[in-house]
Amino acid sequence: MRDRPVVVAGNGASLAELPPGAIRPDDFIIRTNNFFFEQRYYLGRRVDLAFMGGDPRVAPFMFETLYRCSSDYDFRSWSSHNPRVIRAGKRRFAPIFKPMKYRDASIEKEVRHLIAQHERHPTTGVYAVLMAHGMGAETIVLAGMDFYGTQKRYPFTPGPHYRALMGQDSEHRGLDQRLHDLDLDHAILRLLQSRGDLQLLRLTDSPLLRDVSAL
């Protein structure tokens, strides 16, 4: 992973606006949560790692849908930080599960301290960045990580089944402040940058990433 850029892709609307050629064929691709609902292959069909989070109550349906879509992707491995999500995912994808890992005990301790301080949890995309760092990545490229700060939440239009499961307002709902805190996500990304063993880049000029990444 030291010589291979890692793309961590969220499901923000900016994913549909990536510059041509920004993603290279040999980049390591990490997708998050509901990537399989996209109506175009914004990052291609290969998924080196899917990092899954979200509401554990929805996880069984999420993994079942992914299982039905698995022939559409070259789906190689997955991980999660949430034990309930892991249990749901192992029903279909146990052989390719990889445990969540941090690069060392120091970063894990500092992240847990920040979580306790903010009394919230990082978004799935930030957990995926931590996982990439834990796997040894030295260059992480952020794509489609909008932190729900755009008018449209996703690069796809949720269908009726998706809306019934996730809520009728799911396409335009912002950051769930009961669970997440943008300041926490930024604090973790700044913490990673301060270590000196990681370069964080972004593919689009998201205003919510300017302080924690380079374009």
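Basis of the calculations
Residues numbered from 1 in each chain as written. Predicted model: local features only at pLDDT ≥ 70, side-chain atom pairs only at ≥ 80, totals over all residues. Heavy atoms only, no water. Helix = DSSP H or I, 4+ residues; strand = E, 2+ residues; numbered from the N terminus. Buried < 20%, exposed > 50% of the residue type's maximum accessible area, 1.4 Å probe, protein only. Polar contact = N/O pair within 3.5 Å; in protein donor to acceptor, adjacent residues only side chain to side chain. Contact = heavy atoms within 4.5 Å. Phe/Tyr/Trp six-rings, centres within 6.5 Å; stacked < 30°, edge-to-face > 60°. Axes fitted to C-alpha atoms, helices over the stretch in contact; angles between N-to-C directions. Parallel < 35°, antiparallel > 145°, perpendicular 65-115°, else oblique. Left-handed = near helix turned anticlockwise from the far one by under 90°. Nonpolar A, V, L, I, M, F, W, Y, C, P; charged D, E, K, R; others polar. Salt bridge = Lys/Arg side-chain N within 4 Å of Asp/Glu carboxyl O. Pairing = 2+ DSSP bridges.

## Focus on the side chain of Ser77
At step 1: Within the fold, Ser77 resides in the loop between β5 (74–75) and β6 (78–79).
At step 2: Since its relative accessible area comes to 4%, Ser77 is described here as buried.
At step 3: A polar side-chain atom of Ser77 sits 2.5 Å from the main-chain carbonyl oxygen of Asp48.
At step 4: Ser77 has contacts with Val47, Asp48, Leu49, Ala50, Ile96 and Lys98, leaving out every residue within four places of it along the chain.

## Comments concerning the packing of aromatic side chains
How two aromatic rings sit relative to each other is given by the distance of their centres and the angle of their planes.
At step 1: This model, assessed by the stated rule, comprises ten aromatic pairs.
At step 2: Ring centres 6.3 Å apart and planes at 50° place the aromatic pair Phe63 and Phe93 in the tilted group. Here Phe93 lies in helix α2 (residues 83–93) and Phe63 lies in helix α1 (residues 59–69), a separation of 30 residues in the sequence.
At step 3: Judged by relative accessible area, which is 1%, Phe63 ranks as buried.

## Focus: the packing of helix α4 (residues 124–134) against helix α6 (residues 182–194)
At step 1: Look at α4 against α6: their axes get within 10 Å of each other, and the N-to-C directions meet at 15°. Considering their axes alone, α4 and α6 lie roughly parallel with respect to each other. In terms of crossing hand, the pair formed by α4 and α6 is left-handed. Residue-level contacts link Val126, Val129, Leu130 and His133 of α4 to Asp185, Ile188, Leu189 and Leu192 of α6.
At step 2: Counted by class, the contact of α4 with α6 contains six nonpolar, one polar and one charged residues.

## Some details on the pattern of salt bridges
Pairs can form between side chains of opposite charge once their charged atoms are near each other.
At step 1: One pass over the full model with this rule turns up 13 salt bridges.
At step 2: Its salt-bridge partner being Asp55, residue Arg57 comes within 2.7 Å of it at the nearest N-O pair.
At step 3: Notably, a salt bridge pairs Glu108 with Arg112, separated by 2.8 Å at the nearest N-O pair. With Glu108 and Arg112 both in helix α3 (residues 105–118), this residue pair falls four residues apart, about one helical turn.

## What about the pairing of strand β7 (residues 139–143)?
At step 1: Across the five residues of β7, four count as buried, placing the element largely inside the fold.
At step 2: Taken together, the four bridges between strand β1 (residues 6–9) and β7 define a ladder with parallel strand orientation. Considered in β7, the bridge of Val8 is made with Leu142.
At step 3: Bridge count between β7 and strand β8 (residues 199–202): four bridges; the pairing is parallel.

By themselves, these are just geometric observations and shouldn't be taken as functional.
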